[in-house]
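# Tertiary structure, described
The chain contents come next:
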Amino acid sequence: MSDIGLPDGNGIRLIYAVREFCDAPAIAITGYGKRREDIQQCLKVGFNKHLTKPVTFDMLRQSIAEVCGDRVGGMGGTD
């Protein structure tokens, strides 16, 4: 998971670097998501899912389960 607006760079550059080494599931969490173009850019560069802030714990848990599929067990919870 990464924010798109980072203090020392941005999530777009981060996902490019990650994708050079692996295809691990990745979720963009950002305030930039009001426009369809923002969402499409995140997906195009390698994020598997885009979430627009504010993000609830339930949204985050569901998104992790979606992008990870069988890679993550026990995503149920006892919150």
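For the structure given in this document, a descriptive report is provided here. Just so we're clear, the structure is a prediction, and the values are computed from it rather than from any experiment. (Residues numbered from 1 in each chain as written. Predicted model: local features only at pLDDT ≥ 70, side-chain atom pairs only at ≥ 80, totals over all residues. Heavy atoms only, no water.)

The geometry of a pair of packed helices is captured by two quantities: the angle between their axes and the separation between those axes. Contact geometry for helix α1 (residues 11-19) and helix α2 (residues 36-45): axes closest at 9 Å, N-to-C directions at 20 degrees. With respect to their mutual orientation, α1 and α2 come out roughly parallel. Residue-level inspection shows Ile12, Ile15, Tyr16 and Arg19 of α1 in contact with α2, the latter providing Gln41, Cys42 and Val45. (Axes fitted to C-alpha atoms, helices over the stretch in contact; angles between N-to-C directions. Helix = DSSP H or I, 4+ residues; strand = E, 2+ residues; numbered from the N terminus. Parallel < 35°, antiparallel > 145°, perpendicular 65-115°, else oblique. Contact = heavy atoms within 4.5 Å.)

In a regular helix each residue adds 1.5 Å, so 12 residues correspond to 16 Å; helix α3 (residues 57-68) covers 16 Å between its end C-alpha atoms and thus fits that length. Along α3, the residues that are buried comprise Arg61, Ser63, Ile64, Val67 and Cys68. Buried residues in α3, looked at end-on, bunch into an arc of 165 degrees, giving them a common side. Exposed residues on α3 whose side chains face more than 90 degrees from its buried face are Asp58 and Gln62. Residues of α3 that are buried sit in contact with β4 (27-30) and β5 (49-52). (Expected span 1.5 Å × (residues − 1). Buried < 20%, exposed > 50% of the residue type's maximum accessible area, 1.4 Å probe, protein only. Arc of directions from axis to C-beta.)

Summed over the entire model, instances satisfying the criterion amount to 4 salt bridges. For Asp38, the salt bridge is made with Arg35, and the minimal N-O distance between the two is 3.1 Å. Note on Asp38: relative accessible area 14%, which makes it buried. (Salt bridge = Lys/Arg side-chain N within 4 Å of Asp/Glu carboxyl O.)

Moving on to the pairing of β4. Residues Ile27 and Ile29 point to one face of β4 and Ala28 and Thr30 to the other, with burial holding for every one of them. Pairing analysis gives 2 bridges linking strand β1 (residues 2-3) to β4, with the strands arranged parallel. Looking at the pairing, Ser2 lines up with Ala28 of β4. Relative to β5, β4 is paired through 4 bridges, and the arrangement is parallel. What sits directly across from Thr30, in β5, is Thr52. Taken together, β4, α2 and β5 constitute a β-α-β crossover, and its handedness is right-handed. (Pairing = 2+ DSSP bridges. Right-handed = clockwise from strand over helix to strand, strands pointing away.)

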